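# Topology and contacts: notes
For reference, the chains in residue letters:
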Amino acid sequence: MMNIPSRAHAIATENFAALLGTELVSQETNRVVVRLPWRPDLGVGRIHGGAISALIDIAATAAFWSSPDVTLDSRGATVGFTVNFLNLAVATDLTATATVRRRGGTLCTGDVSVTNATGEEVAMAVVTYKLTGYRKARAG
């Protein structure tokens, strides 16, 4: 069997994610963990909220694409998210854990928890994502 990177892996590590330096830590269907290693250019005195928000969007998007029902014809985009910053993130690696809560016909919802290197939660978000062209699982 060929070792082909998953869609979640590609989302978490290519293009803009690569610019930020994010890394895919783990993935399973409907749950993804993405790490953002600390570096000084992420903020002055603390990690910028925009960097944390980008981490949230990357992790959530990867989670929405983690389903085996996603096809080559699938397309998606973040509709919106609400983020609450709970604690300052100062000179620390960040880890975002994204979980899909519901997959609808085209709209999906999920949540993301961002923690620092000691496990303290620094932000949380609720994300809505539009995903089309996938095979929605049927209740059986």
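Read on for an overview of the structure. (Residues numbered from 1 in each chain as written. Predicted model: local features only at pLDDT ≥ 70, side-chain atom pairs only at ≥ 80, totals over all residues. Heavy atoms only, no water.)

### Comments concerning the pattern of salt bridges
Quick note on the threshold: A pairing counts as a salt bridge when a side-chain nitrogen of Lys or Arg comes within 4 Å of a carboxyl oxygen of Asp or Glu. Helix and strand definitions follow DSSP, with helices as H or I runs of at least four residues and strands as E runs of at least two, each counted in order from the N terminus. Partly exposed describes any residue whose relative accessible area lies between the buried limit of under 20% and the exposed limit of over 50%, with all areas from a 1.4 Å probe on protein chains only and scaled to the type maximum.
The tally for this structure, following the rule as stated, stands at four salt bridges. Residues R35 and D93 are paired through a salt bridge, measuring 2.6 Å at the closest nitrogen-oxygen approach. Within this pair, whereas R35 is found in strand β2 (residues 31-36), its partner D93 is found in the loop between β3 (75-85) and β4 (94-103), the two being separated by 58 residues in sequence. Under the relative-accessibility criterion, R35 is labelled partly exposed at 25%.

### Here's the deal with helix α3 (residues 49-64)
Just so we agree on the cut-off: In this scheme, a helix's expected span is set at 1.5 Å multiplied by one less than its residue total.
Helix length check: α3, at 16 residues, gives a terminal C-alpha distance of 22 Å against a target of 22 Å (1.5 Å per residue), a fit within 8%. Of all 16 residues in α3, 13 are buried, a share of seventy percent or more.

### Here's the deal with the sheet that holds β2
Where strands meet in a sheet, backbone hydrogen bonds hold them as pairs that are either parallel or antiparallel. For the record, the criterion: Any two strands are treated as partners once DSSP identifies two or more bridges connecting them. Only the stretch in contact is used when a helix axis is fitted, and all axes are lines through C-alpha atoms; the angle between N-to-C directions ranges over 0 to 180 degrees. The contact rule is simple, with two residues in contact once any of their heavy atoms fall within 4.5 Å.
Read from one edge to the other, the open sheet built from six strands follows the order β1-β2-β4-β5-β6-β3, with strand pairing classed as antiparallel. The two strands at the open ends of the sheet, each matched to only one other strand, are β1 (23-28) and β3. In this sheet, adjacent strand axes meet at a mean angle of 20 degrees when their direction is disregarded. Here β4 runs beside strand β5 (residues 107-115); their pairing, made up of eight bridges, is antiparallel. Paired with V100 across the two strands is G110, which belongs to β5. Packed on one face of the sheet, α3 meets β2, β3, β4, β5 and β6 (121-132) and runs near 45 degrees to β4.

### Overview of the nonpolar core
Heads up, the rule is: The criterion is simple. A nonpolar core is a set of buried Ala, Val, Leu, Ile, Met, Phe, Trp, Tyr and Cys residues joined through side-chain atoms within 4.5 Å.
Counting 38 residues, the largest nonpolar core has I52, I56, L94, V112 and V114 as its most contacted members. When residues of this core are traced back to their parent elements, those giving at least two are α1 (7-13), α2 (16-20), β2, α3, β4, β5 and β6. Here this core gets 11 residues from one element, more than from any other, and that element is α3. If sequence neighbours within four positions are ignored, I52 has contacts with I47, F85, A89, L94, V114 and A123.

### As for the side chain of T92
Mapped onto the elements of the fold, T92 is located in the loop between β3 and β4. Owing to a relative accessible area of 11%, T92 belongs among the buried residues under this scheme. Ignoring sequence-local partners within four residues, the contact set of T92 consists of W38, I47, N116 and A117.

### Some points on the environment of S74
For clarity, the cut-off: Think of a polar contact as two N or O atoms within 3.5 Å of one another; within protein, one of them needs to be a possible hydrogen donor and the other a possible acceptor, and neighboring residues in sequence only count if both atoms come from side chains.
Following the sequence through the fold, S74 ends up in the loop between α3 and β3. Since its relative accessible area comes to 1%, S74 is described here as buried. Spatially, the C-alpha atom of S74 lies 19 Å from that of V32, the residues being 42 residues apart in sequence. When sequence neighbours within four positions are dropped, the list of residues in contact with S74 reads W65, L131, T132, G133 and Y134. A distance of 2.9 Å separates a polar side-chain atom of S74 from the backbone nitrogen of T71. There is a polar contact of 3.0 Å between the side chain of S74 and the backbone oxygen of G133.

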